[in-house]
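Fold and geometry: a report
The chain contents come next:
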Amino acid sequence: MKKLLALIMAMAMVLSLAACGSSSSSSDTTTEDTDTSAAAADDAAESTGDATASTGGQKIGISMPTKSLERWNRDGTYLKEQFEAAGYEVELAYADNDTDQQNNDIANLIADGVDILIIAAVDGDTLSQTLADAGDIPVIAYDRLIMNTDTIDYYVSFDNYQVGVLQAQYVIDTLGLDVSDTSVSYNIEFTAGPTSDNNAGYFFNGAMDTLQEYIDAGILVIQSGKTTFEQCATNEWSTDTAMENMQNTLASYYSDGTQLDVALCSNDSTALGVAQAISTDYAGSNEVIVTGQDGDIANLANIVDGLQTMTVYKNVSDEAGVTLVLAQEILAGNSPAEELLDSLDAEAAYDTESYDNGTGIIPSYLLVPWTVTKDNLEDLVSTGLYEWDGDYLVSATDE
């Protein structure tokens, strides 16, 4: 965390920039109007009291990794809408999963005189040189931790390790696993995210650590032998790559009638490809447990249709709301800590132990994910972000 002097200098810079009244057009911005998100932004703004008394010309720079995944479109939209509803100018850029483009985007945001940077990294290991030019501009690492730079003030995400734990616990509960009962065994295969995504390792490790005792006891068997994160990694969370990898696994290890019981996928985009491969290339007749994460619309339809079994839901509107409140406090010259939790509507924890980016521990606000199955899909409707269209859930915020 920056020292007090740096915070004072940052506030002086904010006031100077505000006096200049600089403005520029948004880069590759989303334009959807979302009543639910706007209402959430109003609530968040009211909760911060004096910290939001004036936003006078302050500019928020937001860098998102890609538009190719539904997840990041939602994040970018909610962040932009909530900050604009609170009275800030917003520049939002998407990097098309290209690290060079994201570095250029961030450099442009810095040059445009933004007062704070909110960055969801394409690759958390590739931004340190560009961020060295941020000077006293506060930086919030959003959802993915940015590594090897001391410019990061805070990290806002979900409990990423817990995501994997929830997926693994679902497998344990559904199969009724008992580590002392070695009379039964089940086959499981893992599909992880890219090695470039810092979160992907937490997802994988949360699941693997939880299931390890069952693997060691021979109750869960990985026929492919792919037991490490690197062996299970899927570049760019690609649906097509995940499908191709699972097709190869099925052809190599399950074409002789061997039964696949579990396909543990770290997120929904990979689960979509794995489910497709199972539906077309799996020789068995049993229903395979397929896990996911994010609550993407296509995957929720697969849950209804029995092609996917569960997903771990992370309310990105809540994540954006926490980021809003945190940014407002920083821009007001405050040094947020655990006390900030009292002003949040979302359930979150303040963590000063778990996330070391290579230069030290980054103070983190971690929201709580939860398990969604066919039995509790209605709970998603209660968030205000989904609604029923016949038998399927659709986004309640699409025009």
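Structural notes, computed from the coordinates. (Residues numbered from 1 in each chain as written. Predicted model: local features only at pLDDT ≥ 70, side-chain atom pairs only at ≥ 80, totals over all residues. Heavy atoms only, no water.)

1. Considering the overall build of the protein chain
Definition in use: By definition, any uninterrupted DSSP run of H or I lasting at least four residues is a helix, any uninterrupted run of E lasting at least two residues is a strand, and each is numbered from the N terminus. Accessible area is worked out with a 1.4 Å probe on protein chains only. A residue is then buried under 20% of its type maximum, exposed over 50%, and partly exposed in between. Surface accessibility in these figures is a Shrake-Rupley result with a 1.4 Å probe; residues are shielded only by whichever protein chains are displayed.
Tallying secondary structure elements over the protein chain gives 13 helices and 15 strands in all. The burial tally for the protein chain puts 54% of its 399 residues in the buried class. For the protein chain, the exposed surface amounts to about 15800 Å²; the carbon and sulfur share of it is 44%.

2. What about empty space enclosed by the protein?
This is how the line gets drawn: Think of a 1 Å grid over the protein atoms and nothing else: a 1.4 Å probe that fits but is trapped marks a cavity, an open set flanked by protein within 12 Å on at least five of seven lines marks a pocket, and residues with an atom within 4 Å of a point count as lining. Grid points are joined across faces, edges and corners, and a volume is the space filled by probe spheres set on the points. Classification used: nonpolar for Ala, Val, Leu, Ile, Met, Phe, Trp, Tyr, Cys and Pro, charged for Asp, Glu, Lys and Arg, polar for all others including Gly.
Counted by the stated rule, this structure contains two cavities of 30 Å³ or more. Here the largest cavity defines a volume of roughly 110 Å³. The wall of the largest cavity is formed by 13 residues, among which Arg71, Trp72, Arg144, Trp237 and Asp294 lie closest to the centre. Contributions of two or more residues to the lining of the largest cavity are made by helix H3 (70-85) and helix H7 (198-216). Partitioning the lining of the largest cavity into residue classes produces four nonpolar, three polar and six charged.

3. Quick notes on the sheet that holds strand E3 (residues 116-119)
Applied cut-off: For two strands to count as paired, DSSP must find a minimum of two bridges between them. Axis lines are fitted to C-alpha atoms, over the contacting stretch for helices. Their N-to-C directions set the angle, which ranges from 0 to 180 degrees.
One open sheet accounts for seven strands, arranged E2-E1-E3-E4-E5-E12-E11; its pairing is mixed. Bordering the open sheet on either side are strand E2 (89-94) and strand E11 (348-351), each of which pairs with just one other strand. Averaged over neighbouring strand pairs, the angle between their axes works out to 15 degrees when direction is ignored. Here strand E1 (residues 59-64) pairs with E3 via four bridges, running parallel. When the sheet's bridge partners are listed, Gly61 is paired in E3 with Leu117.

4. Considerations on the nonpolar core
Generally speaking, soluble globular proteins have nonpolar side chains that are buried together. Filter applied, for reference: To define a nonpolar core, start from buried Ala, Val, Leu, Ile, Met, Phe, Trp, Tyr and Cys residues and group those joined through side-chain atoms within 4.5 Å. When checking whether two residues touch, look at their non-hydrogen atoms; a contact exists if any pair is within 4.5 Å.
Of all hydrophobic cores here, the largest spans 77 residues; its most connected members are Ile60, Ile62, Met64, Phe83, Phe190, Leu211 and Leu220. The biggest single contributor to this core is helix H12 (residues 316-331), with nine residues. What Phe190 contacts, discounting residues up to four positions off in sequence, is Phe204, Ala207, Met208, Leu211, Ile222, Cys232 and Leu264. Membership of the second largest hydrophobic core comes to 21 residues, among which are Leu109, Leu117, Met147 and Ile152.

5. Remarks on unusual backbone geometry
In the Ramachandran plot, Asn97 falls in the positive-phi region, its phi being about 55 degrees despite a non-glycine side chain. In this model, Asn148 sits at a positive phi of 55 degrees, which is unusual for a non-glycine residue. Here Asn148 shows up in the loop between strand E4 (139-142) and strand E5 (154-158). Overall, the relative accessible area of 44% leaves Asn148 in the partly exposed class.

6. What to know about the pattern of salt bridges
The criterion, for reference: Here a salt bridge means any side-chain nitrogen of Lys or Arg lying within 4 Å of a carboxyl oxygen belonging to Asp or Glu.
For the structure shown, the criterion picks out nine salt bridges. Among the ionic pairs, Lys59 bridges to Glu91, the shortest N-O distance being 3.7 Å. Of this pair, Lys59 sits in strand E1 while Glu91 sits in strand E2, placing them 32 residues apart in sequence. Glu91 matches Lys59 in its accessibility class, with the two residues each being buried. Residue Asp75 is joined to Arg71 by a salt bridge in which the shortest nitrogen-to-oxygen separation is 2.4 Å. With Asp75 and Arg71 both in helix H3 and four residues apart, the pair spans about one turn of that helix. Take Asp75 and Arg71: they sit in the same class, and that class is buried.

7. Re H3
Operational definition: Multiplying 1.5 Å by the helix residue count minus one yields the expected span of that helix.
Along its 16 residues, H3 runs 23 Å from first to last C-alpha, staying within 8% of the 22 Å computed at 1.5 Å per residue. Burial within H3 is extensive, with twelve of its 16 residues counted as buried. The set of residues buried in H3 consists of Arg71, Trp72, Arg74, Asp75, Gly76, Thr77, Tyr78, Leu79, Lys80, Glu81, Gln82 and Phe83. At the exit of H3 stands Gly87, carrying a positive phi of roughly 100 degrees.

8. As for the pairing of strand E10 (residues 310-313)
The alternating pattern of E10 places Met310 and Val312 on one face and Thr311 and Tyr313 on the opposite face, and all of these are buried. Alignment of E10 against strand E13 (residues 370-373), held across four bridges, turns out to be antiparallel. Looking at the pairing, Val312 lines up with Thr371 of E13.

9. Points about the packing of aromatic side chains
Put simply, the test is: A pair of aromatic rings is counted whenever rings of Phe, Tyr or Trp (Trp by its six-membered ring) have centres within 6.5 Å, and the orientation is called stacked for planes under 30 degrees apart, edge-to-face for over 60 and tilted otherwise.
Counted by the stated rule, this structure contains ten aromatic pairs. Centre to centre, the rings of Tyr154 and Tyr365 are 6.1 Å apart; their planes meet at 35 degrees, and the pair counts as tilted. Here Tyr154 is found in strand E5, whereas its partner Tyr365 is found in strand E12 (residues 364-367), with 211 residues between them in sequence. Since its relative accessible area comes to 0%, Tyr365 is described here as buried. Taking the centre distance of 5.9 Å and the plane angle of 70 degrees together, the rings of Tyr313 and Tyr386 count as edge-to-face. Here Tyr313 is found in strand E10, whereas its partner Tyr386 is found in strand E14 (residues 386-389), with 73 residues between them in sequence. Here the two residues Tyr313 and Tyr386 agree in accessibility, since each one is buried.

Everything listed is a geometric property; what it means functionally is a separate question.
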